[in-house]
Each structure stands twice: as structure tokens, then as C-alpha cells.
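# Tertiary structure, described
If you want the building blocks of each chain, they are given just below.
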Amino acid sequence: MNLSYLLRELTRRPSRTLSAILSVAIGITLFVSLQAYAGGYREAARAPLSEVGADITAQHQGDVPEGFTGILFPHSVAPLHRDEIEAIAALPNVENITESLFFWSFEEDSFIAGLGFDPAADFGPGRLRAGLIEGRFLDVDDSGVTLVDASYVTQNALSLGDMVSIVGNSFEIVGIVDTSRTGQIANANLYLSLADAQAMSAIAPNVLAVHDMRPDDANLLFIKAEQTQAETVVAGAEAILGEKALVSSAESFGEQLGALFDLIDRFGVLVGLVAFLFAAGILVRAVAAGIWERRREIGMMRAVGWEKKNITRQLLGETLVIALIGGLVGLFLSWGVTLLMSQATVTVPVPWELSPSPHFLPGGAEEVAVVVPLNAKITLELALAALGLSAVAAALIGLWLPGRIANIKPAEVLRSE
């Protein structure tokens, strides 16, 4: 391949060369930007679960409570029995599991949302340790003590050492936590040991009236799973819990992000490829026009001894250079587009089932959402895939068109000379 000749040919026709480069660049920009956008939204969809260090939550939908006094369960968190919990923990690709018990308590003049959990766990409600702003965290063998949400402390003028009552059981406040730092799933006013929550719930009349509540039951599981197999674990948990299973993962949170993300997530690769094929079509037209203009030149090359393979190799090199420059320009433009995207934020709604609050209290059920930056970024794999696409397209075009024109007989071109 003659490099100096290659460069002269590219610079002799600047408008055609630039249009070909620009067509490739636009195709690459659309392809990469769509994938970066979809990737940013997929990462945002993981945010609610990432905040609590889990990949999946599992619960079981039950019946609406018959009465609203004392301790009861929201209908989205029916009891999970020990055999169900152990079966989920034994699923392939489950790395760890922690259980909790969410409940409502309606006192004579107040309402409390409570959560019993294992303070030894380092994910799920165990992440509350990072939100501790005063006092101490729960110990594994604690009983009769509680952590209190900071906003609940303010609203009720409470402080460390005060006692709070749940259906006649007194709990000392040993710590105050800022739950806004530790996730929006299963937020509560009071956080107790799992054993204390189980002991009260197992004898609560309005729990027993609608549920088969056993002393060692839980009603909300936080699961760590192998990332690439999370949806397999979801399917397994749903099979164990039956038709009323409520199993949430990053994919289910993605469904909360709206139709636009759903379309781009499903068809973004296809749309990007169509855009790139359109750009490749423009490249074909530009290369074909350039070769047609040079048919006399190619005839002269054949007349002075250039073989067909030499001509094909030379024209292929020109096409590859155009595609490479177009790909790099496209990646640069994509970087600018993703930089603009990253200035935006994504609001991920948290379903009521994962953070239930009563609809009938003043103000209604609280809408909970996680707001995160749209972390659109170009990964090395995506950049290499885009450059690979442009190289493959250039190779196909550069072998097909030059291969045809290289068959030209010198006499056919020079007959009129």
C-alpha cells in the first residue's frame, strides 16, 4: 500500500472525504449515545437496592387487615415461614440473605411504623449503622431497646434515654438514625431487634386474624446474589413464594422509569445499528462516487502494471482510514453527548409495597423515590464495539466496491483517449 498516495487521494477531494467521515461519525454517535443512555438508566434502576446493599428483595402479598388497632401487617408483607426463607437462601447464585419484619402499630393517639432486623447483618437494614447520628447501634443480643428515625424524634420531641411504647411494651431509645442516608426501602419510625418484633407480632390479634404467623417468621427478605444471575434468583424466589410473590430487582425498578427508557432499553441497540447502517449507506455512496471518478486513474494503474489485488488493497486502505477517523470523531461527539446527559438526574419511584405507609392517615401514603444522577458513560467495551463496527463496515465496503472496479480493463477506460 502506498501511504503517500493514500493521503493525497483523501486530501484531493476534501468535501467527499469529510462527508464520508461525518456520516460514520454521526452513526457512531447515535449508536454509542443510545447505549450510554440506556446504561445510565439501568444503573439508576439499581440505586434503591444498592442503597441497602442488596440485589433483590422478596416478600409475599397477603390480605388486608380486618382491624386497625395494635400491631398489624400491611397487606404487601404477609409472613414468610422458615421453610420458605431457607428454600430461598438455598437457591443457586444466592450469596447471602438477611430477614426483617415490618409492621404497623396503631396506638390510641399515634401511629408507628416499625422494623425488626438483625443488627449483625451488613446489608439491608444493617446499613442503618451508617446513618447513626447519636447514641449507639443495636447489639445482637439487645432486647427492649430501639433505634429511632431522626424525623420521628423531632416530631415527637424525643431524645436518647426516653421510652417509647408499642402495644404496652416499653423500649428505650439508645440511638438516633438518619434514614435518608441509608435507603428508601422499608423506612420505619422505630428499628428493633428481630426477636422483639417477632415476639409482639406472633401474638397480635389483628395479625393472627388474617395470617398464619409463627414465632420465627419474617416478612421481608434482602438478598445478595450473583449479579449476572439475579433474574434467575428472582424466578426461583417467585416459584417458592407462589402467585402472590413480590420479588423486586433492578429490572423491576427499571419498569418504574417509564416508557421512554423501556423503549430504549429494549430497542436501543437495534435503533443504534439502524442509524449506523444508514451512515454506512452514505459511506458506500461516497466511496462508490469517488471510485467512479477515478476509473480512468485506475485504468492507468492497470496499464502500468498494478495488479487487481494492489488496487483493491489501496482503495480498502483509504476506506479503513475514513472509517477509523469517523469512528474516533464519533466517539468524541458521543463523549460530549454523554457529558451533557450526566448533568441530568433520574427519579426512581420506590413502589408502595417496599415502603408501605397507610393511605388513610392525614396526608395519605407518602410517595417515596430515589433521585440519582444519570450516570451515562462510555465504557471501553462500548468504544471498542463502536470502532469494531466501523472497521467491519469499512472492510466490507472496501473489499466489495474496489474489487468490482479493479476488474476494469485499461482499454475500456482509455478507448476515448
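Everything in this summary refers to the structure shown in the same document. (Residues numbered from 1 in each chain as written. Predicted model: local features only at pLDDT ≥ 70, side-chain atom pairs only at ≥ 80, totals over all residues. Heavy atoms only, no water.)

### A short note on the overall build of the protein
Assigned secondary structure in the protein consists of 14 helices and 13 strands. For the protein, with 417 residues in total, the buried portion stands at 51%. Taking as baseline every contact in the protein between residues at least 6 positions apart, the subset at least 24 positions apart corresponds to 79%. Accessible surface, the protein: about 19700 Å² in total, of which carbon and sulfur atoms supply 58%. (Helix = DSSP H or I, 4+ residues; strand = E, 2+ residues; numbered from the N terminus. Buried < 20%, exposed > 50% of the residue type's maximum accessible area, 1.4 Å probe, protein only. Contact = heavy atoms within 4.5 Å. Areas by Shrake-Rupley, 256 points an atom, 1.4 Å probe, with all protein chains shown as cover.)

### Remarks on helix H4 (residues 82–89)
Within H4, the full set of buried residues consists of Glu 84, Ile 85 and Ile 88. Seen from one end, H4 has its buried residues packed into an arc of 100°, which puts them on one side. Looking at the buried side of H4, the elements it contacts are strand S3 (94–106), strand S10 (220–225) and helix H8 (230–241). (Arc of directions from axis to C-beta.)

### What about the packing of aromatic side chains?
A full pass over the atoms with the stated rule returns six aromatic pairs. Each member of the aromatic cluster is reached from another via a ring pair, and the members are Phe 68, Trp 104, Phe 106 and Phe 111. (Phe/Tyr/Trp six-rings, centres within 6.5 Å; stacked < 30°, edge-to-face > 60°.)

### Remarks on empty space enclosed by the protein
Going through the model one piece at a time under the given rule, you end up with three cavities of 30 Å³ or more. The calculated volume of the second largest cavity comes to roughly 90 Å³. Lining the second largest cavity are 14 residues; nearest its centre among them are Pro 125, Leu 128, Thr 182, Ile 185 and Ala 186. Taken together, the residues of the lining of the second largest cavity break down into eight nonpolar, five polar and one charged. (1 Å grid on protein atoms, 1.4 Å probe; cavity = no way out; pocket = protein on both sides within 12 Å on 5 of 7 lines; lining within 4 Å. Points joined across faces, edges and corners; volume = space filled by probe spheres on them. Nonpolar A, V, L, I, M, F, W, Y, C, P; charged D, E, K, R; others polar.)

### Comments concerning the environment of Tyr 152
Take Tyr 152: it is sitting in helix H5 (residues 150–155). In this structure Tyr 152 comes out as buried when scored by relative accessible area, which is 10%. Considering only alpha carbons, one finds Tyr 152 and Asp 178, 26 residues apart in sequence, at a separation of 10.0 Å. Not counting the four nearest positions on each side in its chain, Tyr 152 is found in contact with Phe 111, Ile 112, Leu 158, Asn 189 and Leu 190.

### Details of the side chain of Asp 142
Within the fold, Asp 142 resides in the loop between strand S5 (132–135) and strand S6 (145–149). On the accessibility criterion, Asp 142 (15% relative accessible area) is buried. Reaching out from Asp 142, the side chain makes a polar contact with the side chain of Arg 136 at a distance of 2.9 Å. For Asp 142, the side chain forms a polar contact with the main-chain nitrogen of Asp 139, separated by 2.7 Å. (Polar contact = N/O pair within 3.5 Å; in protein donor to acceptor, adjacent residues only side chain to side chain.)

### With respect to the pattern of salt bridges
Side chains carrying opposite charge are able to pair once their charged atoms draw close together. What the rule picks out here adds up to six salt bridges. Across the salt bridge formed by Arg 82 and Asp 216, the nearest N and O atoms sit 3.7 Å from each other. In this pair, Arg 82 sits in helix H4 while Asp 216 sits in the loop between helix H7 (205–208) and S10, placing the two residues 134 residues apart along the sequence. A relative accessible area of 35% places Asp 216 in the partly exposed class. Where Arg 214 meets Asp 212, a salt bridge forms, and the shortest distance between an N and an O atom there is 2.9 Å. Connected via shared salt-bridge partners are Arg 82, Glu 99 and Asp 216. (Salt bridge = Lys/Arg side-chain N within 4 Å of Asp/Glu carboxyl O.)

### With respect to the nonpolar core
Ranked by internal contacts, the top residues of the largest apolar core, which has 68 residues, are Ile 166 and Ile 185. The contact partners of Ile 166, leaving out residues within four places of it in the chain, are Ile 71, Phe 103, Ser 105, Glu 107, Ile 112, Phe 171, Leu 190, Leu 192 and Met 200. Counting residues in each nonpolar core, the second largest holds 18 residues, with Leu 80, Leu 221, Ile 223 and Val 247 among its members. (Core = buried A, V, L, I, M, F, W, Y, C linked by side-chain atoms within 4.5 Å.)

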